[in-house]
Amino acid sequence: MDDTAQAYFGYIMMPAFVILVLSNFIYQPVIRDFGVLWAEGKTREFSLKCVRMCAAIAGITALVLLGGYFLGIPALSIIYGVGLDGYTAEFMVLLLGGGVYALASFMMIMLTTVRSGSIIAAGFAAGTLCALFSGKLLVEMSGMMGAAYLYLITNSVIFLLFTVWIVHKIRKS
């Protein structure tokens, strides 16, 4: 993509991290609780708390998507002084990808809690390989929308791998 398209992508990408920041406010205060539950072997309570936290992050994502749909592009157009009116769909995909990244970030903390921190590198390696092998094709075929899908897909791969490993650890214990 040319410099202008890359700049526009940067403009609409920035709010995707809002979900991560907001979700941190929810789960950071209770990380210790997860550690205590795991250390005490209370896997059912640990699992239920994980599910509730994921639901809360999904709720935050839904609220940000709703607000972003109505306010995001007009606000970003004003902030950056450029017309971003044609990029609502890409913006929404990026926000959704931000929500998935917030879930992956939470699962990364849960991996550390269940003493599986080494899986984190494997998850990010898988995400990197996904991006390397599909990124150019997606961007060449669909431009900014392809780049937005790449962000969503990569974060989804990471989240799914982290989640599968945590479920495995819970069932094993």
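Refer to the structure above for everything that follows.
Residues numbered from 1 in each chain as written. Predicted model: local features only at pLDDT ≥ 70, side-chain atom pairs only at ≥ 80, totals over all residues. Heavy atoms only, no water.

Right, let's talk about the overall build of the protein chain for a bit. Tallying secondary structure elements over the protein chain gives six helices and zero strands in all. The linear arrangement of helices and strands in the protein chain, starting from the amino end, is α-α-α-α-α-α. Here the C-alpha coordinates of the protein chain stretch approximately 55 × 35 × 15 Å along the principal axes. Burial analysis of the protein chain (173 residues in total) assigns 45% to the buried set. Look at the contacts in the protein chain between residues 6 or more apart in sequence, and 78% of them connect residues 24 or more apart. (Helix = DSSP H or I, 4+ residues; strand = E, 2+ residues; numbered from the N terminus. Buried < 20%, exposed > 50% of the residue type's maximum accessible area, 1.4 Å probe, protein only. Contact = heavy atoms within 4.5 Å.)

Compared with an ideal rise of 1.5 Å per residue, which puts 55 residues at 81 Å, helix 6 (residues 118–172) spans 17 Å between its outermost C-alpha atoms and falls more than 12% short. Of all bends in helix 6, the biggest is about 145°, found at serine 142. (Expected span 1.5 Å × (residues − 1). Bend = angle between axes of the 7 residues up to and from the residue.)

The next point concerns helix 3 (residues 31–39). Restricting attention to buried positions, one finds in helix 3 the residues Phe34, Leu37 and Trp38. Within helix 3, the buried residues cover an arc of 95° as seen down the axis, which keeps them to one side. Along helix 3, the residues that are exposed and aim more than 90 degrees away from the buried face are Arg32 and Ala39. Glycine 41 lies just past helix 3 and shows a positive phi near 75°. (Arc of directions from axis to C-beta.)

The next thing to look at is the pattern of salt bridges. One pass over the structure, following the stated rule, counts two salt bridges. Of the charged contacts, one joins lysine 42 and glutamate 40 as a salt bridge, the two residues approaching to 3.1 Å between their closest N and O atoms. Exposure remark for lysine 42: the relative accessible area of 36% places this residue in the partly exposed category. Among the ionic pairs, lysine 136 bridges to glutamate 140, the shortest N-O distance being 3.8 Å. Of the two residues, lysine 136 and glutamate 140 both sit in helix 6, four residues apart, roughly one turn of that helix. Assessed through its relative accessible area of 57%, glutamate 140 is described here as exposed. (Salt bridge = Lys/Arg side-chain N within 4 Å of Asp/Glu carboxyl O.)

Below, the discussion takes up the state of the cysteines. Throughout the structure, instances matching the rule amount to zero disulfides. Left without a disulfide partner, cysteine 54 is nearest to the cysteine sulfur of cysteine 50, which lies 6.4 Å away. Given the relative accessible area of 16%, cysteine 54 is considered buried. (Disulfide = S-S within 2.5 Å.)

Within soluble globular proteins, side chains that are nonpolar tend to cluster in buried spots. In terms of nonpolar packing, the biggest core is built from 52 residues, with Ile12, Phe34, Phe46, Phe106 and Met110 touching the most fellow members. With 14 residues, helix 5 (residues 88–113) is the single largest residue contributor to this core. Once residues within four sequence positions are removed from consideration, phenylalanine 34 is found in contact with Phe46, Lys49, Cys50, Met53, Phe106, Met110 and Thr113. (Core = buried A, V, L, I, M, F, W, Y, C linked by side-chain atoms within 4.5 Å.)

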